[in-house]
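Summary of structural features
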Amino acid sequence: MKLPARLVLLGHPVAHSLSPRIQNAALRVAGIPLEYAALDVLPEQLGATLRTLRAEGAAGNITIPHKQSVFDICDHVTNVAERAGAVNAFWVQDGELIGDNTDVAGFDFAARELMLSARAEMPERVTLIGAGGAAAAVAAAVRDWDGAELVIWSRTPQQASALAQRFALTRAEPDLFAAVRGADLVINATPLGMSDDLLPVPMEALPPRCAVLDLVYRRGETAWIRAARDAGHTASDGLPMLVEQAARSFRRWLGVEPNREVMWGALE
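None of these values were measured; they are calculated from a predicted model.

1. Comments concerning the packing of aromatic side chains
A full pass over the atoms with the stated rule returns two aromatic pairs. Consider the rings of Y36 and W253, whose centres lie 6.0 Å apart with planes at 35 degrees: the pair is tilted. Note that Y36 is positioned in strand β2 (residues 36–40) and W253 in helix α10 (residues 239–254), a separation of 217 residues in sequence. Considered together, Y36 and W253 belong to a single accessibility category, that of buried residues. With a centroid separation of 5.7 Å and 20 degrees between ring planes, the pair formed by F107 and W145 is classed as stacked. With F107 in helix α5 (residues 103–117) and W145 in the loop between α6 (133–142) and β8 (149–153), the pair connects residues that are 38 residues apart, well separated along the chain. When its relative accessible area of 0% is taken as the criterion, F107 is described as buried. For W145, a relative accessible area of 4% puts it in the buried group.

Put into structure tokens, the structure is as follows:
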């Protein structure tokens, strides 16, 4: 398999990302002579940047706020990216830009690990906070959970409604407290908590026994995860999803399985 010309992460901002640390550790142990670099790309620079990367034969990941924009730019997308309507991994094949979504499998892995740690069955009712690219991947994954109801809340109700209309057993709820009521699993798919201590859902709104999954990660965990644990909830941040989607992206680009233990070790 031909190696990509280079590996990159496109987003804005990207300085906080742990993806370069994870991917470069896996590349080194696999003996692959590439370096994965983060590129801070403003929305108005995205099209030109992708044209350059296509011409070079590069591959990489996409993060906030570009996942849905890159979906529209790709020449072809995989079935799972089509279902999510968002792209977080790309490569060039025969001169064309191909998009995939490894966030879907990454989220599914993280959610199953969380419910296992809670000694609970997979949730019957799920509340999703946010309606962007990461939220779309969550919705695509939850649709494969047998009979699970998904309720979406967003500060932009129109986005929540548009996302909900794409999936069965899914609805938008304009009231945050009503959206969370009765949930077995509550997920934050917004950037809240990445660089501040804002809580996407107040502690008093969470049902007593629900699990909490924050797709945001930061050193020392997010304030929401710490508060949820203190209140007795089983909770996890976005690191399990980050590592799993990174491993699946690695396999897509390079045709080999990465060493996941090395990836996790790079975070310590």
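Next comes the rest of the write-up.
2. Topic: the sheet that holds strand β9 (residues 170–172)
Strand order across the open sheet formed by six strands is β9-β8-β7-β10-β11-β12, with parallel pairing between neighbours. At either end of the open sheet lies a strand with only one pairing partner, and these are β9 and β12 (235–236). Pairing of β8 with β9, which is carried by three bridges, proceeds in the parallel orientation. Residue pairing across strands places L150 opposite T170, the latter belonging to β9. Helix-sheet contacts for α6 involve β7 (125–129), β8 and β10 (185–188), and the interaxial angle to β7 is about 170 degrees. Contacts from helix α9 (residues 223–230) reach β10, β11 (211–214) and β12, with the element oriented near 165 degrees to β11.

3. Brief notes about helix α2 (residues 46–56)
Along α2, the residues that are buried comprise L46, T49, L50 and L53. The buried residues of α2 all sit within an arc of 95 degrees when viewed along its axis, so they share a single face. Seen from the buried face of α2, the exposed residues on the opposite side, beyond 90 degrees, are R51 and A55. Contacts from the buried residues of α2 go to β1 (7–11), α3 (67–73), β5 (89–93) and β6 (96–100).

4. Observations regarding the pattern of salt bridges
Under the defined criterion, the tally for this structure stands at 14 salt bridges. Notably, a salt bridge pairs R83 with D144, separated by 3.2 Å at the nearest N-O pair. Highlighted residues: R83 in helix α4 (residues 79–84) and D144 in the loop between α6 and β8, separated in sequence by 61 residues. Given a relative accessible area of 56%, D144 falls into the exposed group. Across the pair R229 and E221 runs a salt bridge, and its minimum N-O distance is 2.6 Å. Overall, the relative accessible area of 38% leaves R229 in the partly exposed class. Given a relative accessible area of 23%, E221 falls into the partly exposed group. One salt-bridge network, held together by shared partners, links E244, R248, R251, E257 and R260.

5. Section: the nonpolar core
If you look at soluble globular proteins, the nonpolar side chains tend to sit buried side by side. The biggest cluster of nonpolar side chains holds 34 residues, and the ones touching the most others in it are F107, L128, L163, L185, I187, L213 and L215. For this core, the secondary structure elements donating two or more residues are α5, β7, α6, β8, α7 (157–164), β10 and β11. Considering each element in turn, this core owes the most residues, nine residues, to α6. Ignoring any residue separated from it by four or fewer positions in sequence, one finds L215 in contact with F107, A134, V138, I187, N188, A189, G238 and M241. Counting residues in each nonpolar core, the second largest holds 25 residues, with I22, L34, A59 and L254 among its members.

Here is what the cut-offs are and how they apply
Residues numbered from 1 in each chain as written. Predicted model: local features only at pLDDT ≥ 70, side-chain atom pairs only at ≥ 80, totals over all residues. Heavy atoms only, no water. Phe/Tyr/Trp six-rings, centres within 6.5 Å; stacked < 30°, edge-to-face > 60°. Helix = DSSP H or I, 4+ residues; strand = E, 2+ residues; numbered from the N terminus. Buried < 20%, exposed > 50% of the residue type's maximum accessible area, 1.4 Å probe, protein only. Pairing = 2+ DSSP bridges. Contact = heavy atoms within 4.5 Å. Axes fitted to C-alpha atoms, helices over the stretch in contact; angles between N-to-C directions. Arc of directions from axis to C-beta. Salt bridge = Lys/Arg side-chain N within 4 Å of Asp/Glu carboxyl O. Core = buried A, V, L, I, M, F, W, Y, C linked by side-chain atoms within 4.5 Å.

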